[in-house]
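Summary of the model geometry
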Amino acid sequence: MANRFFGVFQIQSQEQKQIVLMLCTGFFMGVFIATYQVTADSLFLNRLGDQLDKAFLIAGIMGIITTALFSTAQSLIKFTTLALGSVGLILMFTLSSYWLLHFGDEVYQDYFVFALYCMTGPITAVLLLSFWGIFGRLFNFRQSKRIIGWIDTGQLIAAIIATLIVIPFTTALVQETSNYLLLCAISIAVVSVLMIIISNSFTISKNHPREFGASVRKESSLTKIFGDQYIVLLSVFLLVSMIMFVFSQYSFQRLVTEQYPDERDLTNFNSFFIGAVYGISLFMQTFWNQRIISNYGLKISLFILPIVMIIFSLGSIAMGSYFGIEKSIAPTGFIYFFLFVSLSRLFNWTLRESLETPVFKLFFIPLDSRLRFNIQSKVEGLVNESA
């Protein structure tokens, strides 16, 4: 059965162990990211929903600092050491958050929840940079081109299981949302073990900073890369896309706190919503992405998300203007408005993750192979979080 699976994708026998380990790493990383996001969002929106604007600002600043440190560290230590260290710190932060929320001083509970929410973006960014960084160093260009479209399938499947099965069906067993942090801790611990196995079992190219040389570090400095018009255009595109994503998230989460004031109801809704995002993303990646890219090209593929967002944004404005947006005054109008904002958020997140991001990564391929890893981490890290 396993041999037939690998045969379908034309995977060589010597690659099978690498593929399996990366799929497993993605699986447990997916469990962590999805469960952590549901937990952090639900706790924060239920207790501190009125501080959403402040949280977005702090999260952005933390994201810039975190990704800047990650990008700088690549020039100083081995990438595998950096990835393992990052995962270790995330594990410590998760366990500390659980302990503080359950045994810490209640006076500081809100601060712990605030920090948990603000670290969602930075943690996700670092984990994805680590995963794709190891992937790019583990496989050569020909291998990457063949398997990049489905190597994160494990991550999507895990996220779907966690959000559509585990969290909703453990409502009676898990009374407090914060208890899901233990599941996060277990999954990220498994990720660290798998990364250790990968780093010790295979040759990781471009792993040590010495392999790049001083000239490469100089050519991939921020001042140098942002002097290139091609890199600037990529950065501007990513910046606009991320700003649109953040506005969609902000408006959606503002309304969610009104619609679901109960913490457990909010947790279940967030879980189903995020599960729907990952489910549609998996469907898109499996059945539609390749067709869209093959038939219409990369340029048209990048236009799909903006067109969909314009349609739903106009629909949200029309519904809000006609039926009203205040739940206390026009409850039916609020439901219609909430529905359109939710659909806008759903398709924005889904199309960005399943279509725009994979297509966007392809635009880094023409870059000098010596510089590509450093440039990509700076653009996808710093620019993404700056939005």
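Here we summarise the structure given alongside this text. None of the values given here were measured: they were computed from a predicted structure.

A word on the pattern of salt bridges
Close approach of charged atoms lets side chains of opposite charge pair. Counted according to the given criterion, the structure contains two salt bridges. For the salt bridge of Arg 352 with Glu 356, the shortest nitrogen-to-oxygen distance reads 3.8 Å. In this pair, Arg 352 and Glu 356 both sit in helix H14 (residues 331-362), four residues apart, roughly one turn of the helix. Across the pair, exposure class does not vary: Arg 352 and Glu 356 are buried alike.

Thoughts on the layout of surface pockets
Of the pockets and cavities examined, the second largest pocket occupies roughly 320 Å³. Forming the walls of the second largest pocket are 17 residues, and the residues nearest its centre are Thr 66, Ser 86, Leu 89, Ile 90 and Val 126. Taken together, the residues of the lining of the second largest pocket sort by class into 13 nonpolar, four polar and no charged.

Things to note about H14
Over its 32 residues, H14 extends 45 Å from the first C-alpha to the last, a length consistent with the 46 Å expected when each residue adds 1.5 Å. Of all the bends in H14, the greatest, near 45°, is centred on Arg 352.

Here's the deal with empty space enclosed by the protein
Scanning the entire structure with this criterion turns up three cavities of 30 Å³ or more. In this structure, the largest cavity encloses a volume near 40 Å³. When contributions to the lining of the largest cavity are tallied by element, the ones reaching two or more residues are helix H12 (229-259), helix H13 (263-323) and H14. Sort the elements by how many residues they give to the lining of the largest cavity and H13 lands first, with three residues. Classifying every residue of the lining of the largest cavity gives four nonpolar, two polar and two charged.

Details of the packing of helix H8 (residues 153-166) against H13
At a minimum axis distance of 8 Å, the contact between H8 and H13 shows a crossing angle of 150°. Classified by the interaxial angle, the pair formed by H8 and H13 is roughly antiparallel. Handedness of the H8/H13 crossing: left-handed. Here Thr 153, Leu 156, Ile 157, Ala 159, Ile 160, Ala 162, Thr 163 and Leu 164 of H8 come into contact with H13, specifically with Ser 271, Phe 272, Ile 274, Gly 275, Ala 276, Tyr 278, Gly 279, Ser 281, Leu 282 and Gln 285.

Considerations on the side chain of Thr 350
One can find Thr 350 in helix H14. Under the relative-accessibility criterion, Thr 350 is labelled buried at 2%. If we skip the residues at most four places from it in the chain, Thr 350 touches Val 277, Ile 280, Ser 281 and Leu 355.

Some points on helix H2 (residues 16-48)
Taking 1.5 Å of rise per residue, 33 residues should cover 48 Å, and H2 covers 47 Å from first to last C-alpha, within 8% of that figure. Counting buried positions along H2 gives 25 out of 33 residues, so the element sits mostly inside the fold.

Focus: the packing of H12 against H13
Packing of H12 against H13 leaves a shortest axis separation of 15 Å and a crossing angle of 155°. Comparing their axes, H13 and H12 come out roughly antiparallel. As H12 packs across H13, the resulting crossing turns out to be right-handed. Contact residues: Phe 237, Met 244, Ser 248, Phe 252 and Val 256 in H12; Leu 266, Phe 269, Asn 270, Phe 273, Leu 302, Leu 305 and Met 309 in H13. The residue inventory of the contact of H12 with H13, partitioned by class, reads ten nonpolar, two polar and no charged.

Structural notes on the environment of Leu 52
On the secondary structure map, Leu 52 appears in helix H3 (residues 52-73). The residues contacting Leu 52, other than those within four sequence positions of it, are Phe 44, Leu 45, Tyr 117, Tyr 250, Gln 253 and Arg 254.

Structural notes on the nonpolar core
Counting residues in hydrophobic clusters, the biggest one holds 79 residues, and the most contacted among them are Met 22, Phe 32, Tyr 36, Phe 44, Leu 127, Ile 198 and Tyr 278. Ranked by the residues each element gives to this core, the list is headed by H2, at 15 residues. Residues within four places of Tyr 278 in sequence aside, it is in contact with Ile 33, Ala 34, Gln 37, Leu 156, Ala 159 and Ile 160. Leu 234, Phe 360, Leu 371 and Val 383 belong to the second largest nonpolar core, which has eleven residues in total.

Examining the packing of aromatic side chains
Remark: the centre distance and the inter-plane angle together describe each pair of aromatic rings, the angle taken between the planes. In this structure the tally under the stated criterion is 25 aromatic pairs. Between Phe 252 and Phe 273 the ring centres are 4.6 Å apart and the planes differ by 25°, which places this aromatic pair in the stacked class. Here the residue Phe 252 occupies a position in helix H12, and Phe 273 occupies one in helix H13, the gap between them amounting to 21 residues. A residue is classified by how much of its surface remains accessible, and Phe 252, at 4% relative accessible area, is buried.

What counts, and at which threshold
Counting restarts for each chain: residues are numbered from 1 in the order of the written sequence. The predicted nature of this model means local features are confined to residues of pLDDT at least 70 and side-chain atom pairs, given and counted, to a pLDDT of 80 or more, with totals for whole chains, interfaces and linings taken over all residues. The side-chain values count all of the structure's non-hydrogen atoms but skip hydrogen atoms and water molecules. Here a salt bridge means any side-chain nitrogen of Lys or Arg lying within 4 Å of a carboxyl oxygen belonging to Asp or Glu. Helix and strand assignments come from DSSP, with helices taken as H or I runs of at least 4 residues and strands as E runs of at least 2, each series counted from the N terminus. For the exposure calls, accessible area comes from a 1.4 Å probe over protein chains only, and a residue counts as buried if that area is under 20% of its type's maximum, exposed if over 50%, partly exposed in between. Grid points spaced at 1 Å over the protein atoms alone were grouped into cavities, where a 1.4 Å probe fits but cannot get out, and pockets, open sets with protein on both sides within 12 Å along at least five of seven lines, with lining residues defined by an atom within 4 Å of a point. Grid points are joined across faces, edges and corners, and a volume is the space filled by probe spheres set on the points. Classification convention: Asp, Glu, Lys, Arg as charged; Ala, Val, Leu, Ile, Met, Phe, Trp, Tyr, Cys, Pro as nonpolar; all other residues, Gly among them, as polar. Multiplying 1.5 Å by the residue count of a helix minus one yields the expected span of that helix. Two axes are fitted around each residue, one to the seven residues ending there and one to the seven starting there, and the angle between them is reported as the bend at that residue. In this analysis an axis means a line fitted to C-alpha atoms, helices contributing only their contacting stretch, and an angle means the value between N-to-C directions, from 0 to 180 degrees. These descriptions rest on fixed angle ranges, namely under 35 degrees for roughly parallel, over 145 for roughly antiparallel, 65 to 115 for roughly perpendicular, and the rest for oblique. Each crossing is labelled by how the near helix is turned from the far one, with a counterclockwise turn of less than a right angle marking it left-handed and a clockwise turn marking it right-handed. Contacts are assigned to residue pairs that have any heavy atoms within 4.5 Å of one another. Side-chain atoms within 4.5 Å are what join buried Ala, Val, Leu, Ile, Met, Phe, Trp, Tyr and Cys residues into a set we call a nonpolar core. Two aromatic rings from Phe, Tyr or Trp, using only the six-membered ring of Trp, form a pair when their centres are within 6.5 Å; if the ring planes differ by under 30 degrees the pair is stacked, by over 60 it is edge-to-face, and anything between is tilted.

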